[in-house]
Amino acid sequence: MDMASINGLVQGLKLTKQLATAAFDAKVEAEAKAKIGEVLDKLGDVQDKLFDLRNDLYELQTERDELKKKLDVDDAWKLRADAYALTKTAGNAVVYVSKEEPIHYACPSCFNKKEIHPLQDNRTYRGMYRCTGCEANYPIMPHKSIEPPVPTANHWMK
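The rules behind each value
- The residue count restarts for each chain, going from 1 along the sequence in the order it is written.
- With pLDDT at 70 or above as the cut-off, local features in this predicted model cover only qualifying residues; side-chain atom pairs require 80 or more to be listed or tallied, and sums for whole chains, interfaces and linings still use all residues.
- In computing side-chain properties, one takes all heavy atoms of the structure into account and sets aside hydrogens as well as water.
- Only DSSP runs of H or I covering at least 4 residues are called helices, and only runs of E covering at least 2 are called strands; the numbering of each starts at the N terminus.
- Two residues form a contact once any of their heavy atoms are found within 4.5 Å.
- Only protein chains enter the accessibility calculation, which uses a 1.4 Å probe. A residue is then buried if its area is under 20% of the maximum for its type, exposed if over 50%, and partly exposed in between.
- Throughout this description, a polar contact denotes any pair of N or O atoms lying within 3.5 Å of each other; where both atoms belong to protein, one of them has to be capable of donating a hydrogen while the other can accept it, and for residues adjacent in sequence the pair is counted only when both atoms sit in side chains.
- Residue-level confidence of the predictor is what pLDDT reports, using numbers from 0 through 100.
- By the convention used here, strands pair only if DSSP detects at least 2 bridges between them.
- Axis definition: a line fitted to C-alpha atoms, limited for helices to the stretch in contact. Angles are taken between N-to-C directions and run from 0 to 180 degrees.
- Candidate patch residues must exceed 30% relative accessible area and have no salt bridge, after which like charges are joined if within 9 Å and Val, Leu, Ile, Met, Phe, Trp or Tyr side chains if within 5 Å.
- Note that accessible areas follow from Shrake-Rupley with a 1.4 Å probe, and for residues the cover is restricted to the protein chains shown.
- Should a side-chain nitrogen of Lys or Arg be within 4 Å of a carboxyl oxygen of Asp or Glu, the pair is scored as a salt bridge.
- By the counting scheme adopted, Arg and Lys are positive, Glu and Asp are negative, and His together with the chain ends is not counted.
- Every charge is mapped onto a representative atom, which is NZ of Lys, CZ of Arg, CG of Asp or CD of Glu.

Of regular secondary structure, the chain possesses 4 helices and 6 strands. Counted from the first residue to the last, the chain has its helices and strands arranged as α-α-β-β-β-α-β-β-β-α. Summarising the internal contacts of the chain: among those between residues at least 6 apart in sequence, 35% fall at separations of at least 24.

Our focus in this paragraph is the side chain of serine 98. Within the secondary structure, serine 98 sits in strand β2 (residues 94-98). Here serine 98 falls in the buried class, since its relative accessible area comes to 6%. A distance of 3.1 Å separates a polar side-chain atom of serine 98 from the backbone oxygen of glutamate 100. When residues no more than four places from it in sequence are discounted, the contact partners of serine 98 are Ala83, Tyr84, Ile103 and His104.

The predicted model of the chain averages 85 in pLDDT, with 85% of residues at 70 or higher. The least confident element of the chain is helix α4 (residues 153-157), whose mean pLDDT is 51; the most confident is strand β3 (residues 105-106), at 96.

Here we have 3 strands laid out as an open sheet, ordered β1-β2-β3, and antiparallel in their pairing. What marks the edges here is a single partner per strand, and that holds for β1 (84-88) and β3. Sheet topology note: the β2/β3 ladder contains 2 bridges and is antiparallel. Looking at β3, one finds that tyrosine 96 is bridged to alanine 106.

Quick look at the sheet that holds strand β4 (residues 119-121) now. If you trace the 3 strands from one edge of the open sheet to the other, you get β4-β5-β6, paired in antiparallel fashion. A strand with exactly one partner marks an edge of an open sheet, and here the two such strands are β4 and β6 (137-139). Along the sheet, successive strands turn relative to each other by an average axial angle of 35°, direction set aside. As paired strands, β4 and strand β5 (residues 128-131) are joined by 3 bridges and run antiparallel to one another. The residue of β5 that forms the bridge with glutamine 120 is arginine 130.

With that settled, the discussion passes to the side chain of threonine 89. Considering the arrangement of structural elements, one finds threonine 89 in the loop between β1 and β2. Separated by 3.3 Å, the side chain of threonine 89 and the backbone oxygen of isoleucine 140 make a polar contact. Setting aside anything within four residues of it in sequence, one finds threonine 89 in contact with Val95, Tyr105, Pro139 and Ile140.

Attention shifts here to a negative patch on the surface. A grouping of Glu38, Asp41, Asp45, Asp48, Asp52, Asp56 and Glu59 is seen on the molecular surface, where their side chains present a negatively charged patch. Relative to the elements of secondary structure, aspartate 56 occurs in helix α2 (residues 30-81). Exposure remark for aspartate 56: the relative accessible area of 41% places this residue in the partly exposed category.

As a further point, take the pairing of β2. Of all 5 residues making up β2, 4 are buried, and the element is well covered by its neighbours. Examined bridge by bridge, β1 and β2 share 5 bridges and lie antiparallel to one another. In the strand pairing of β2, lysine 88 is matched with valine 94. The loop that links β1 with its antiparallel partner β2 comprises 5 residues; one of these, asparagine 92, has a positive phi angle of about 70°. Between the antiparallel neighbours β2 and β3 lie 6 residues.

Here it is, written out as structure tokens:
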């Protein structure tokens, strides 16, 4: 039963109650007045119950709408989160990596808060990347150590 049906019932009961009241006010026999009074009492009870039902229905519809919004938000996050996979980087950091272009890394701490912040390359020798959300640093791709060239006898002659 929806709100429109309940409102229709309420209006119908209101009209019936008005008609019964009019009949009661007419100069009718005392026995008829007693019966009409009983009907009016019962109609009032039914009308009160319908008002309660209408309020309950409104509260349920409001709760349903709120739950639907939460479900939509959760579905949107799941769809977004499915585009990432947890990985261990060359620098031994455990972060999320995107499965789609452009490939990038995301902060696991922020990811757990349902936020995605692509990690930014600090351009350091140790290969540190920084989260723009929480400012955490992760060793993603450390550079390989570069060995200095070994001088040879021919090297000095050139």
